[in-house]
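Architecture and fold: a report
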Amino acid sequence: MTIAKTIRNLAGAAALALAPVAASAEVVGEVGVDWVGNDIIVEAVSDPGVKGVTCHVTYFDRSIIDRLSKGNWFEDPSNNSIACRQTGPIEIGDIELSKEGEEVFREGLSIIWKSLVVNRIYDKQNDTLIYLIHSRQVVDGSAKMAISTVPLFNQPVTWVNGKPN
């Protein structure tokens with residue numbers, strides 16, 4: 001394991017420790033993109049509030065060589081993407097129904113300053129779960145984001161507390 005990945009993992013563990021409901025991720029892919037060792041990481045994230053939905057998130061992981069040559073030692077770029085799908089019977093627990101939604105996953109992209117975040121929003125009118133991935137920074141937010149949706153319409157969905165009206 002490289003120092004950069006160790007730092008990323010420690011930052012991610014610290015961020016997850018602060019998020020009591022956040023889901024954990026499993027690395028399912030790691031693709032090398034250049035000769036200096038930069039990688040694209042693919043992780044599977046199960047929604048802790050919605051059984052039967054899995055999101056695959058991708059992000060860029062900089063190598064030590066890249067960090068030494070370009071600076072910004074402790075930071076990875078904010079480039080990321082997401083795809084969420086039904087991977088089993090859907091059972092929806094006690095989820096946040098506000099327009100802000102609920103944070104379901106967070107992973108550190110730097111020691112303190114930046115984290116990758118996935119929020120779940122329920123679109124009641126269209127009976128759809130929306131998953132938004134973005135970077136959160138202490139000083140400046142990032143405009144780089146992506147969404148994925150899981151339609152619930154005409155699907156056998158169990159709402160633990162009853163479907164919202």
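Up top is the structure.
A brief structural summary. (Residues numbered from 1 in each chain as written. Predicted model: local features only at pLDDT ≥ 70, side-chain atom pairs only at ≥ 80, totals over all residues. Heavy atoms only, no water.)

Quick word on unusual backbone geometry
Among all residues except glycine, the phi angle is most often negative; among peptide bonds, the trans geometry is most common. Within the chain, Asp-127 stands out as a residue other than glycine whose phi angle is a positive 50°. Mapped onto the elements, Asp-127 comes out in the loop between strand 6 (114–123) and strand 7 (128–137). With relative accessibility at 9%, the residue Asp-127 sits in the buried group. Of note in this structure, Asn-154 is not a glycine but carries a positive phi near 60°. (Helix = DSSP H or I, 4+ residues; strand = E, 2+ residues; numbered from the N terminus. Buried < 20%, exposed > 50% of the residue type's maximum accessible area, 1.4 Å probe, protein only.)

What to know about the sheet that holds strand 1 (residues 25–32)
Within the open sheet, the five strands sit side by side as 1-2-3-4-9. Their pairing is mixed. Two strands in the sheet have a free side with no partner beyond their single neighbour: strand 1 and strand 9 (157–159). Ignoring strand direction, the axes of neighbouring strands in this sheet form an average angle of 30°. Alignment of strand 1 against strand 2 (residues 39–46), held across seven bridges, turns out to be antiparallel. The partner of Gly-29 across the bridge, within strand 2, is Val-42. (Pairing = 2+ DSSP bridges. Axes fitted to C-alpha atoms, helices over the stretch in contact; angles between N-to-C directions.)

Let's talk about the state of the cysteines
Applying the stated criterion across every chain yields a total of one disulfide. For Cys-55, the disulfide goes to Cys-84, at an S-S distance of 2.1 Å. The chirality of the disulfide connecting Cys-55 with Cys-84 is right-handed, given an S-S dihedral of about 105°. Within this pair, whereas Cys-55 is found in strand 3 (residues 50–61), its partner Cys-84 is found in strand 4 (residues 80–92), the two being separated by 29 residues in sequence. For Cys-55, a relative accessible area of 4% gives the class buried. (Disulfide = S-S within 2.5 Å.)

Overview of the environment of Ile-95
Looking at the secondary structure, you find Ile-95 in the loop between strand 4 and strand 5 (102–108). For the pair formed by Ile-95 and Val-50, sequence separation is 45 residues and the distance between their alpha carbons is 8.0 Å.

Some remarks on a nonpolar patch on the surface
A contiguous nonpolar patch, built from Val-31, Val-33 and Ile-40 and spanning about 220 Å² of accessible area, is present on the exposed surface. Along the chain, Ile-40 turns up in strand 2. (Patch = residues over 30% accessible without salt bridge, like charges linked within 9 Å, V, L, I, M, F, W, Y side chains within 5 Å. Areas by Shrake-Rupley, 256 points an atom, 1.4 Å probe, with all protein chains shown as cover. Salt bridge = Lys/Arg side-chain N within 4 Å of Asp/Glu carboxyl O.)

Observations regarding the side chain of His-134
Mapping His-134 onto the fold places it in strand 7. In this structure the side chain of His-134 is engaged in a polar contact, spanning 3.1 Å, whose partner is the side chain of Asn-119. For His-134, the contacting residues outside a window of four places in its chain are Asn-80, Ser-115, Leu-116, Val-117, Asn-119, Lys-144 and Met-145. (Polar contact = N/O pair within 3.5 Å; in protein donor to acceptor, adjacent residues only side chain to side chain. Contact = heavy atoms within 4.5 Å.)

Details of the pattern of salt bridges
Evaluated as defined, the whole model comprises four salt bridges. Two residues, Lys-51 and Glu-91, come together in a salt bridge whose shortest N-O distance is 3.6 Å. Of the two residues, Lys-51 is situated in strand 3 and Glu-91 in strand 4; the sequence distance between them amounts to 40 residues. Overall, the relative accessible area of 54% leaves Lys-51 in the exposed class. Residue Lys-163 pairs with Asp-127 through a salt bridge whose shortest N-O separation is 3.0 Å.

So, the side chain of Glu-102
Tracing the backbone shows Glu-102 in strand 5. By relative accessible area, Glu-102 is classed as buried at 17%. From its side chain, Glu-102 meets the backbone nitrogen of Glu-96 in a polar contact 2.9 Å long.

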